[in-house]
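Examining the three-dimensional arrangement
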Amino acid sequence: MSVYETICSQAEALAPELIAQRRDFHKYAESGWLEMRTTSIVAKKLTDLGYEVLLGEAVCKKDSRMGVPSQEVLDKAYDRACAQGGEPDFLPYTKGGMTGVIGILRCGEGPTVAMRFDIDALGVIESQEPDHRPFREGFASVNDGAMHACGHDGHTCVGLGVAQVLMERKDQLHGTVKLIFQPAEEGVRGAKSIVDNGHLDNVDYLLGAHVSAMDAEESDITPGAYGSLATGKYDVIFHGLAAHAGAGPEKGNNALLAAATALLNLQAIPRNGGGSTRINVGKLVGGSGRNVIADEAFMEIEVRGQTTELNTYMENYMRRILEAAAQMHGCTVDVKLMGAAPSLNSDEALARRIGKICADRLGMKVSSQAMERSGGSEDVAYLMNRVQEQGGQATFMRIRTQTAAGAHNRRYDFEESFIPKSIKIFCAAVYDLMQ
């Protein structure tokens, strides 16, 4: 039996255990920086396998984290993780939202291959309709307002399966394996803090992947992606002065009026000939009553650009508008970055190499297009860009399976054969790169 056949056999043998683990993660979904139970379980499993395991501030640089919840929310999440069966030897490392795990396997001289597996859930309320499989079969999320509606529960289990298969093949590998279980991918909040801690320095190859719905070709994999939008996510607070709206409106400074002025002008930012740009004001809340001049207004904004430079153009224009709108109405404005990611482009040579392995060694159907345009934004871009800046190669794969609904939908679910399929792809690629 060839090495690739053995990898396939191992992946299939692990499938029942990993599917059960996926359903456990799904049931106890945790959103970004709250993945404390998930982190502790992953750390325990990697430790038991014999990996060198990094936790807490050894994973994410504390001050580089974006969009961290309040201390009250973090404390409640920790208590919940303890009550829901988190691993007690590893939970303390996650206090304060220091989530995420890195597992390292050293196999002598050779290249360093890193893989990213995101672990967070979304702020979605899961469907409780009878035909929604997780609800019907008893593994729908029990954590209010958190749901694995993007497949990260599956990604986490793929990482655990990869860890087990590669450990069993350790004697045939040459170099270093680095498994990155990344927190807070949603909202593009977590990857930068991992990069800033130096974990992508001296990495030769970076592999990332996302579960995707079957395409028209019904291929198993598109091995590369390009063109994801750079983005910035912002919380904005306008500060004004309250006054009686009837007796003395001139004595107030209307924060809600400043925010409304900004909103309309933000939507009118001129397009750019350099490529596609986006802006969205997704939330506007302000005021306290019909007879009160509003002294505060809160906005949630995101900008995007086809390139990092175009995103910077949108960010700079946005800031000018926010400041000008505040000044027009005698207000001040605070702007806080809550998440960000650069644009993403896979190395085509690496994508084609992995595509060939999948077709020739694993018997999978590979998309006729080695590189697929990515329409949204992706946090893995930080990791990829850092590797590429140092002369390494990186790719972001789309691994396909049947899905019950689109991503970020309250009825989202995926066909769990995705898990062993993905393990085969990652392990075969690592073996090829580290022979």
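Below: a short report on this structure. (Residues numbered from 1 in each chain as written. Predicted model: local features only at pLDDT ≥ 70, side-chain atom pairs only at ≥ 80, totals over all residues. Heavy atoms only, no water.)

Here the focus is empty space enclosed by the protein. All chains considered together, the criterion is met by 1 cavity of 30 Å³ or more. Size it by volume and the largest cavity reaches roughly 50 Å³. Taken together, Arg116, Phe117, His155, Val158, Ala209, His210, Ile399, Phe418 and Phe426 make up the lining of the largest cavity. (1 Å grid on protein atoms, 1.4 Å probe; cavity = no way out; pocket = protein on both sides within 12 Å on 5 of 7 lines; lining within 4 Å. Points joined across faces, edges and corners; volume = space filled by probe spheres on them.)

As a packed pair, helix 2 (residues 36–49) and helix 5 (residues 152–168) sit with axes 10 Å apart at the nearest point and diverge in direction by 10°. Between helix 2 and helix 5, the angle is such that the two are roughly parallel. Counting all contacts with helix 2, which are made through Thr38, Val42, Lys45, Leu46 and Leu49, the residues of helix 5 involved are Thr156, Leu160, Ala163, Gln164 and Met167. Broken down by class, the residue content of the contact of helix 2 with helix 5 amounts to 6 nonpolar, 3 polar and 1 charged. (Axes fitted to C-alpha atoms, helices over the stretch in contact; angles between N-to-C directions. Helix = DSSP H or I, 4+ residues; strand = E, 2+ residues; numbered from the N terminus. Parallel < 35°, antiparallel > 145°, perpendicular 65-115°, else oblique. Contact = heavy atoms within 4.5 Å. Nonpolar A, V, L, I, M, F, W, Y, C, P; charged D, E, K, R; others polar.)

Read across the open sheet, the 4 strands follow the order 9-10-8-11; overall the sheet is antiparallel. Both edges of this open sheet fall to strand 9 (277–286) and strand 11 (332–341), since each of them pairs with a single strand only. Going across the sheet, the axis of each strand differs from the next one's by a mean of 15°, ignoring polarity. As judged from the 9 bridges shared by strand 9 and strand 10 (residues 296–305), these two strands associate in the antiparallel manner. Following the sheet pairing, Ile279 is matched in strand 10 by Val303. Sheet strands in contact with helix 7 (residues 255–266) are strand 8 (230–239), strand 9 and strand 10, and its direction is about 15° off that of strand 10. Strand contacts of helix 8 (residues 308–328): strand 8, strand 9, strand 10 and strand 11, with the helix running at about 10° to strand 8, the strand carrying the most contacts. (Pairing = 2+ DSSP bridges.)

Moving on, we come to the pattern of salt bridges. Under the counting rule described, the total for this entry stands at 29 salt bridges. Taking the shortest distance from any N to any O, the salt bridge between Arg136 and Glu137 comes out at 3.8 Å. Judged by its relative accessible area of 41%, Glu137 is partly exposed. Shared partners join several salt bridges into a network, and the residues in it are Arg22, Arg23, Arg133, Arg136, Glu137, Asp153, Asp413 and Glu416. (Salt bridge = Lys/Arg side-chain N within 4 Å of Asp/Glu carboxyl O. Buried < 20%, exposed > 50% of the residue type's maximum accessible area, 1.4 Å probe, protein only.)

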